[in-house]
Amino acid sequence: MSAPSLFEPLPLRSGRTLPNRLVLPAMVTRLSGEDGHVNADVRARYARFAKGGVGLVVVEAMAVHTAKSGPLLRISDDTFLPGLQDLASACHDAGPGLVFPQIIHFLKVARSGYRQTVDMLSHDEIDAIVDAFARAAVRARRAGFDGVELHMAHAYTLSSFLSLKNPRKDAYGGSLENRLRLPRRVLRAVRASVGDDFPVG
């Protein structure tokens, strides 16, 4: 049996189907303002990608929390929904592919040199991270996106918990099982919040 072509559809477990197997990965454009809202430049850029016909457009990382983050899109509050809805709609109108936002949490960094680390987080703050991801995933669904991708790389929060260099001494550090605890909690909370028919990457 021959391998499938890049241009063949790819059914997803959720019941949705990618029209082909070409994926545009998330790449931060720095086109949004400091307010984190979708603007005309962001919308036009992703609509052009969708028009190109890729099977899946993964929109750049969007913050699930309210910390200042420079020109990064946000999905941390319902005030961002109108712009996100416009973005999802523009992509769907432009091409046949599906559109997922990538959602991210990061720890505090200040120009003074201060850098928050995972061992500084209380259990209540960890619970708030789980909740923030779940709420953001629900907003992604409400905005009309076709799924959501969870950012777990590049030394941001979830990746820092996974790291062998995670210095925590409690149930969130040390063994692999412990270091996986927060990412697993996030995955379970997101899945419970959006249901089984919404892809989670």
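Residues numbered from 1 in each chain as written. Predicted model: local features only at pLDDT ≥ 70, side-chain atom pairs only at ≥ 80, totals over all residues. Heavy atoms only, no water.

S.K.: Is there a simple way to think about the pattern of salt bridges in this case?
M.R.: Any two side chains of opposite charge can pair, on the condition that their charged atoms come close. Throughout the structure, instances matching the rule amount to six salt bridges. Its salt-bridge partner being Asp78, residue Arg139 comes within 2.9 Å of it at the nearest N-O pair. Taken as a pair, Arg139 in helix H3 (residues 123-142) and Asp78 in the loop between strand E5 (73-74) and helix H2 (81-94) lie far apart in primary sequence, 61 residues in all. Classification of Asp78 as partly exposed rests on a relative accessible area of 39%. One salt bridge connects Arg141 with Asp197, and the closest N-O pair in it is separated by 2.8 Å. Taken together, the residues span a long stretch of sequence, with Arg141 in helix H3 and Asp197 in the segment after helix H6 (181-194) at a distance of 56 residues. (Salt bridge = Lys/Arg side-chain N within 4 Å of Asp/Glu carboxyl O. Helix = DSSP H or I, 4+ residues; strand = E, 2+ residues; numbered from the N terminus. Buried < 20%, exposed > 50% of the residue type's maximum accessible area, 1.4 Å probe, protein only.)

S.K.: Even after reading the chapter, I still don't get the side chain of Arg139, so can you show me in this structure?
M.R.: By relative accessible area, Arg139 is classed as buried at 10%. Those residues within four positions of Arg139 in sequence are excluded, and the remaining contacts are Ile75, Ser76, Asp77, Asp78 and Leu81. (Contact = heavy atoms within 4.5 Å.)

S.K.: Could you clarify how one ought to interpret the layout of surface pockets in this entry?
M.R.: Here the idea is plain: a probe the size of a water molecule rolls over the atoms and shows the empty space left. Its volume calculated, the largest pocket comes out at about 1,000 Å³. Listed by contribution, the elements that provide at least two residues to the lining of the largest pocket are strand E6 (98-104) and helix H4 (157-162). Considering every element that reaches the lining of the largest pocket, the biggest residue donor is H4, with three residues. For the lining of the largest pocket, the residue count by class is 16 nonpolar, twelve polar and eight charged. Each residue belonging to the lining of the second largest pocket can be placed in one class, and the counts come to eight nonpolar, three polar and two charged. (1 Å grid on protein atoms, 1.4 Å probe; cavity = no way out; pocket = protein on both sides within 12 Å on 5 of 7 lines; lining within 4 Å. Points joined across faces, edges and corners; volume = space filled by probe spheres on them. Nonpolar A, V, L, I, M, F, W, Y, C, P; charged D, E, K, R; others polar.)

S.K.: Explain the environment of Pro11 here, please?
M.R.: Position of Pro11 among the secondary structure elements: in strand E1 (residues 10-11). Residue class for Pro11 comes out exposed when judged on its relative accessible area of 60%. In this structure, the C-alpha to C-alpha distance between Pro11 and Leu22, residues eleven residues apart in sequence, is 13 Å. In contact with Pro11, not counting residues within four places along its chain, are Arg16 and Thr17.

S.K.: Honestly, the nonpolar core in this entry has me stumped. Any pointers?
M.R.: Generally speaking, soluble globular proteins have nonpolar side chains that are buried together. With 45 residues, the main nonpolar core has Val59, Leu87, Ile103, Phe133 and Phe145 as its most contacted residues. Put simply, the parts of the chain that give this core at least two residues each are helix H1 (40-51), strand E4 (56-63), H2, E6, H3, H4 and H6. Residue contributions to this core peak at nine residues, all from H3. Residues contacting Val59, with those up to four places away along its chain left out, are Ala26, Tyr46, Leu73, Leu87, Val99, Phe100, Pro101, Gln102 and Phe145. (Core = buried A, V, L, I, M, F, W, Y, C linked by side-chain atoms within 4.5 Å.)

S.K.: Just checking my understanding: could you explain the environment of Thr17 for this structure?
M.R.: Note that Thr17 resides in strand E2 (residues 17-18). Separated by 39 residues in the primary sequence, Thr17 and Leu56 place their C-alpha atoms 9.9 Å from one another. Apart from the residues within four sequence positions on either side, Thr17 is in contact with Pro9, Leu10, Pro11, Leu12 and Leu98.

S.K.: Looking at this structure, I do not really get the pairing of E4. What am I missing?
M.R.: Along any regular strand the residues' side chains alternate between the sheet's two faces. Here E4 lies mainly inside the structure; eight of its eight residues are buried. Examined bridge by bridge, E4 and E6 share seven bridges and lie parallel to one another. What sits directly across from Val58, in E6, is Phe100. By the bridge criterion, two bridges tie E4 to E5 in an arrangement that is parallel. Residue pairing across strands places Ala63 opposite Arg74, the latter belonging to E5. (Pairing = 2+ DSSP bridges.)

S.K.: Got a minute to help me understand H3 in this structure?
M.R.: Each α-helix turn comprises 3.6 residues. Residues three or four places apart therefore point the same way. Between its first and last C-alpha atoms H3 spans 29 Å; for 20 residues at 1.5 Å apiece the expected length is 28 Å, and the two agree. Here H3 has its buried residues at Ile126, Ile129, Val130, Ala132, Phe133, Ala134, Ala136, Ala137, Arg139 and Ala140. Against H2, E6, strand E7 (149-150), H4 and H6 lie the buried residues of H3. Remark: Gly144 follows H3 within two positions and exhibits a positive phi of approximately 100°. (Expected span 1.5 Å × (residues − 1).)

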